[in-house]
Amino acid sequence: LRSEGLTGTKIGCAEGGCGACTVIAVGPDGHPRAINACLRLLCGCDGLALTTVEGLGSQGAGYSQVMKAIAEGQGSQCGFCTPGWVTAMSALLGGAAARGAAHLTAKEIEESLDGNLCRCTGYRPILQAFKRAFAHDDSAGITDLETCAPCHDVATGKPCGRRCDAAL
């Protein structure tokens, strides 16, 4: 893809673990799926329509709603991983529409984007931007890490009793 001038698709880990190479593949069923270009052999793409981030929007053609959401939500810092996040979220939205799902939940968005990594932002601004723009549930009600005090034992539900904020 990169040799064809489609440089938005990055070479990251080359093992399918970072999501920087994410593209959208649409097969005969018409359902868009996010796939890792670094893992998919060219012969495995026969019969698929592939879309890179360049096919989703540009300055000249206009930016997609996903591109606008990540930019307006301050979800991009260095920008290396941004095309992968944009294509993954676009595939999620397209797949939901193809299935006839009217809405996505914040949980669906979080769980569907677990294959994308970001070393700069710590994920929070990316996920918050997408949830604000596309989740149709109370994504504002999702517990934030800083509000989780005191921590609880997952088995009993009781406070763990440790003083995590105490000086070491």
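Refer to the structure presented above.
Calculation criteria
- Residues numbered from 1 in each chain as written.
- Predicted model: local features only at pLDDT ≥ 70, side-chain atom pairs only at ≥ 80, totals over all residues.
- Heavy atoms only, no water.
- Helix = DSSP H or I, 4+ residues; strand = E, 2+ residues; numbered from the N terminus.
- Buried < 20%, exposed > 50% of the residue type's maximum accessible area, 1.4 Å probe, protein only.
- Contact = heavy atoms within 4.5 Å.
- Expected span 1.5 Å × (residues − 1).
- Pairing = 2+ DSSP bridges.
- Axes fitted to C-alpha atoms, helices over the stretch in contact; angles between N-to-C directions.

**Student:** Would you mind showing me how to read the environment of methionine 67 here?
**Tutor:** The residue methionine 67 is located in helix 1 (residues 65-72) in this model. On the accessibility criterion, methionine 67 (13% relative accessible area) is buried. For the pair methionine 67 and glycine 57, spaced ten residues apart in sequence, the C-alpha separation works out to 7.7 Å. If sequence neighbours within four positions are ignored, methionine 67 has contacts with Val53, Leu56, Gly57 and Val86.

**Student:** How do you make sense of helix 2 (residues 82-99) when you look at a structure like this?
**Tutor:** Each full turn of the α-helix corresponds to 3.6 residues, which orients residues three or four apart in the same direction. Over its 18 residues, helix 2 runs 26 Å from end to end, which matches the ideal 26 Å to within 8%, given 1.5 Å per residue. For helix 2, the buried fraction is high: 13 of the 18 residues fall into the buried class.

**Student:** What exactly am I supposed to notice about the sheet that holds strand 2 (residues 32-36) here?
**Tutor:** Backbone-to-backbone hydrogen bonds pair the strands of a sheet. The strands run either parallel or antiparallel. Strands sit in the order 2-1-3 across an open sheet of three strands; the sheet is antiparallel. With one partner strand each, in any of the chains shown, strand 2 and strand 3 (49-51) form the two edges of the open sheet. Taken over all neighbouring pairs, the strand axes of this sheet differ in orientation by 35 degrees on average, direction set aside. Of the strand pairs in this sheet, strand 1 (residues 22-26) and strand 2 are connected by five bridges, and their pairing is antiparallel. For alanine 25, the partnering residue across the bridge sits in strand 2 and is arginine 33.

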